[in-house]
Amino acid sequence: MTFEFTATILGTPRIGPKRELKKSVESYWAGKIDAATLESVAKDLRKDSLKALVDAGLDSIPVGTFSYYDHVLDTAVLLGALPERVQGIENDLDRYFAAARGNDTVAPLEMTKWFDTNYHYLVPEISPTTSFSLHPEKVLAELEEARALDVPARPVLIGPVTFLLVSKAVGSDAPLLDRLDEILPLYADLLTQLADAGAEWVQLDEPALVADRTHPEIASAQKAYDYLSALETRPAILLASYFGDLGAALPSLASTGIEGLSIDLTAPGTVEQVAAVPALANKRIVAGIVDGRNIWRTDLDKALATLASLLGSAGALAVSTSCSLLHVPYTLDGETDIVDPLRSWLAFGSEKVTEVTVLATALQDGTESVSEELSTARAALGTRRTDSRLHDAAIRTRLESGVTVDRSPAEDRRQAQAARLDLPALPTTTIGSYPQTTQIRLARAALRRGEIDDADYVRRMRSEIADVVALQEKIGLDVLVHGEPERNDMVQYFAEQLNGFAATANGWVQSYGSRCVRPPILFGDVSRHGAMTVDWITYAQSLTDKPVKGMLTGPVTILAWSFVRDDQPLADSADQVALAIRDETVDLQSAGIRIVQVDEPALRELLPLRAKDKEQYLTWAVRAFKLSTSGVSDSTQIHTHLCYSEFGEVIDAIVALDADVTSIEAARSHMEVLGDLNAVGFDLGVGPGVYDIHSPRVPSVDEITESLRSALKAVPAERLWVNPDCGLKTRGTAEVEASLRNLVEAARAVR
Ligand code: GLN
Ligand code: ZN
């Protein structure tokens, strides 16, 4: 089998260039449109996307990466692996959405991060009673749809090994890879059906193999691909790896009978790894040279040199993106506020597709055939290297001169803070945001449309702040917050006020399901124009004698939720952001604020996939946090907040942050987190969330009391804080008030 192709990508975004799918799916959920209308929107989006890729000149096009919600959930459907609790739901689409979002009677699947991206997938639950069965309708229909349009379609599926490795075993401790023998025959059946339906290639995604894998796991993967490649009737198999290098798995996979392997060339060392595996000399290497998950223009000269160096190692070469374009915005068209030269440094989805075809053409026909494109790229990169915004001497000198990152010993700080704050035992507080009310949203929209001016907007936000402060006083909380009404998003809010960041108008990327985010672009050296939060916080403080916490977002989280620079180590960017946050903490302190919280919910998120890279990451992440929080005096109390994850792997780093008080999402398992913290000698203030804010349910006084008593078994009263497990912005005011009243009453009872 030697079907030729030269230019491709590994997957497409699906939300629609104007978030059409998001809007339609939400309308369907709200009962405003029917399934047929939703399906026709989806069909049009797929058609437009295919057409654009054909027109751009790709000669093998991924099909089946469309999804109404999530591609891992689609794979669970494909393999008949939805949990029993949704199986009674008659209608296909409603069953699917019930698994994704739950309904009145069933809980949804858990959601977690897709490797180290900001995309979240639904975790399939596989129990001993799961009996797999093949349901190939979706992929077959999308293949047929593409073939009817004369598209050189390559169906894409999550491979069997990754499917099992990203799923969760319920009701059994046996490793899920033990179930490989049950699903391989289904994949075999499917591959045959795809071949019969005219697919020349199939892409099986196995990103799980770029993380650390045991020998038995790699052996299972090899066995799976030996088996699939031995099938008589099947398409050529492209095994897709992305988000890193295959390492030890590469020679094993290359030894199987698969025809193609995609390699993430943005990961260091992959060219050498490929060269070291002779078996690749008779495979098609799909060279992931155009970064599929960041937004920078490719250095085409460098890319061509890399591709040339691969020619001798591969049987054949095709140019591709390093991963699916799911992780970047659709296009730069319409980003009228992003102007040259910044604009010329960028490539979003459609621009990346063009880069792929330019590189493929250069490989086929020589560089003269694309000389214009090459010189445009060269010129853009030249201006990027020399732009003064990327090299701010003042910032660099300040960092090089060695800013202190250590505070005084914790005990000295504790005494200084106790004297200044005069808090009761078991102090009560919240994580920062209060409900984003309709008035807040309306005011923000009105400001954006120019219907109200800045002064009017500030007036309205102040009135929200006054309400939130009054509410907290009434409830009897000890440490107050201003409620964050002025923040659209905890990262974007800061990015908009910092030099070195740019915002997009329409750069939406799917975060999960119908939820999309618009990550800011960090392109230059970072500094503040001036104070970013001081006016809001001091206004709140002027309304009360109780301490009001200044609320900031930490450097790691700001980077985690942005597109970051690729021209310097992330650690250097983190230090620059940290310095700006540090200046803000000092300004807050000078304005009389006694407590500053620096949120780092994404600390765990950025953890690298490979163990060998973790320590270095944690070292710079902790350093950046400490840099941002060590400019204040002993008597200023530093809080941090962590959430969205299991903290086991970063527990030492939490200690190293050296924050005076850490609030941590733990409503479901706080004894565990506290036990883990104790085990590593953590002895600072801690506020394990005493109730789960992710549901509208109001926790009773008894429940919270119970929660506190169990926390007190692990943490002495002097160190324990009482707070919900996360910010309250997604909740309603009535339930927040009721919940917090119970929280305060429980704290009083336990005192
Ligand atoms: N201070 C932020 C808030 O309360 C923290 C958000 C978060 O934990 N992700 O909204
Ligand atoms: Zn949180």
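Scroll up to find the structure this text is about.
We now turn to the structure provided with this report. Every value quoted in this text rests on a predicted model; they were computed, and no experiment measured them. (Residues numbered from 1 in each chain as written. Chains lettered and ligands numbered in written order. Predicted model: local features only at pLDDT ≥ 70, side-chain atom pairs only at ≥ 80, totals over all residues. Heavy atoms only, no water.)

### A word on the coordination of the zinc ion (ligand 2)
Here is step 1: The protein atoms donating to the zinc ion (ligand 2) are His 641 (NE2), Cys 643 (SG) and Cys 726 (SG), with metal-donor distances spanning 2.1 to 2.3 Å.
Here is step 2: Coordination at the zinc ion (ligand 2) comes from 4 donor atoms whose angles at the metal span 91 to 131°, giving a geometry best classed as tetrahedral.
Here is step 3: Taken in chain order, the donor set of the zinc ion (ligand 2) reads H-x1-C-x82-C. Of the two residues, His 641 is situated in strand S18 (residues 637–642) and Cys 726 in the loop between helix H26 (701–714) and helix H27 (733–750); the sequence distance between them amounts to 85 residues.
Here is step 4: Given a relative accessible area of 3%, His 641 falls into the buried group. (Donors = N, O, S within 2.8 Å, 3.2 Å for Na, K, Ca; no water. Tetrahedral: all angles 85-135°; square planar, octahedral: opposite > 155°, others 65-115°. Helix = DSSP H or I, 4+ residues; strand = E, 2+ residues; numbered from the N terminus. Buried < 20%, exposed > 50% of the residue type's maximum accessible area, 1.4 Å probe, protein only.)

### Brief notes about the site of ligand 1
Here is step 1: Of all residues adjacent to ligand 1, which total 14 residues, the nearest are Ser 433, Glu 484, Asp 599, His 641 and Lys 729.
Here is step 2: Note that a nitrogen atom of ligand 1 is positioned 2.7 Å from one of the side-chain N or O atoms of Asp 599.
Here is step 3: His 641 is positioned with one of its side-chain polar atoms (N or O) 3.0 Å from an oxygen atom of ligand 1.
Here is step 4: Alone, ligand 1 offers 300 Å² of accessible surface; in the complex the protein occludes 99% of this.
Here is step 5: Classifying every residue of the shell around ligand 1 gives 7 nonpolar, 4 polar and 3 charged. (Near = heavy atom within 4 Å. Polar contact = N/O pair within 3.5 Å; in protein donor to acceptor, adjacent residues only side chain to side chain. Areas by Shrake-Rupley, 256 points an atom, 1.4 Å probe, with all protein chains shown as cover. Nonpolar A, V, L, I, M, F, W, Y, C, P; charged D, E, K, R; others polar.)

### Section: the pairing of strand S13 (residues 509–512)
Here is step 1: As paired elements, S13 and strand S14 (residues 515–517) share 3 bridges and run antiparallel to each other. Across the sheet, Gln 510 pairs through a bridge with Cys 516, a residue of S14.
Here is step 2: Hairpin geometry of S13 and S14 is characterised by an intervening segment of 2 residues between the two adjacent antiparallel strands and by a positive phi of about 45° at Gly 513. (Pairing = 2+ DSSP bridges.)

### Thoughts on the sheet that holds strand S1 (residues 61–63)
Here is step 1: In spatial order, the strands read S1-S5-S7-S8-S9-S10-S11; together these 7 strands make up an open sheet with parallel pairing. What marks the edges here is a single partner per strand, and that holds for S1 and strand S11 (316–321). Ignoring strand direction, the axes of neighbouring strands in this sheet form an average angle of 30°.
Here is step 2: In terms of strand pairing, S1 meets strand S5 (residues 153–158) through 3 bridges, oriented parallel. Looking at S5, one finds that Pro 62 is bridged to Arg 154.
Here is step 3: Of the strands in this sheet, S1 and S5 touch helix H6 (residues 137–148), which is tilted by about 160° from S5. (Axes fitted to C-alpha atoms, helices over the stretch in contact; angles between N-to-C directions. Contact = heavy atoms within 4.5 Å.)

### Quick notes on the sheet that holds strand S20 (residues 685–688)
Here is step 1: Strand order in this open sheet of 5 strands is S16-S17-S18-S19-S20, and the pairing throughout is parallel. Since the sheet does not close on itself, it has two edges, and those belong to strand S16 (549–553) and S20, each with one partner. Averaged over neighbouring strand pairs, the angle between their axes works out to 20° when direction is ignored.
Here is step 2: The pairing of S18 with strand S19 (residues 661–664) spans 4 bridges and is parallel. From the neighbouring strand, His 639 faces S19, where its bridge partner is Val 661.
Here is step 3: Running at roughly 170° to S16, helix H22 (residues 570–590) makes contact with S16 and strand S17 (595–599) of the sheet.

### Observations regarding the packing of aromatic side chains
Here is step 1: One pass over the structure, following the stated rule, counts 14 aromatic pairs.
Here is step 2: Arranged with centres 6.4 Å apart and planes meeting at 55°, the rings of Trp 345 and Phe 523 form a pair that is tilted. In this pair, Trp 345 is assigned in the loop between S11 and helix H13 (349–365) and Phe 523 in strand S15 (residues 521–528), connecting sequence segments 178 residues apart.
Here is step 3: Taking the centre distance of 5.4 Å and the plane angle of 90° together, the rings of Tyr 493 and Phe 494 count as edge-to-face. (Phe/Tyr/Trp six-rings, centres within 6.5 Å; stacked < 30°, edge-to-face > 60°.)

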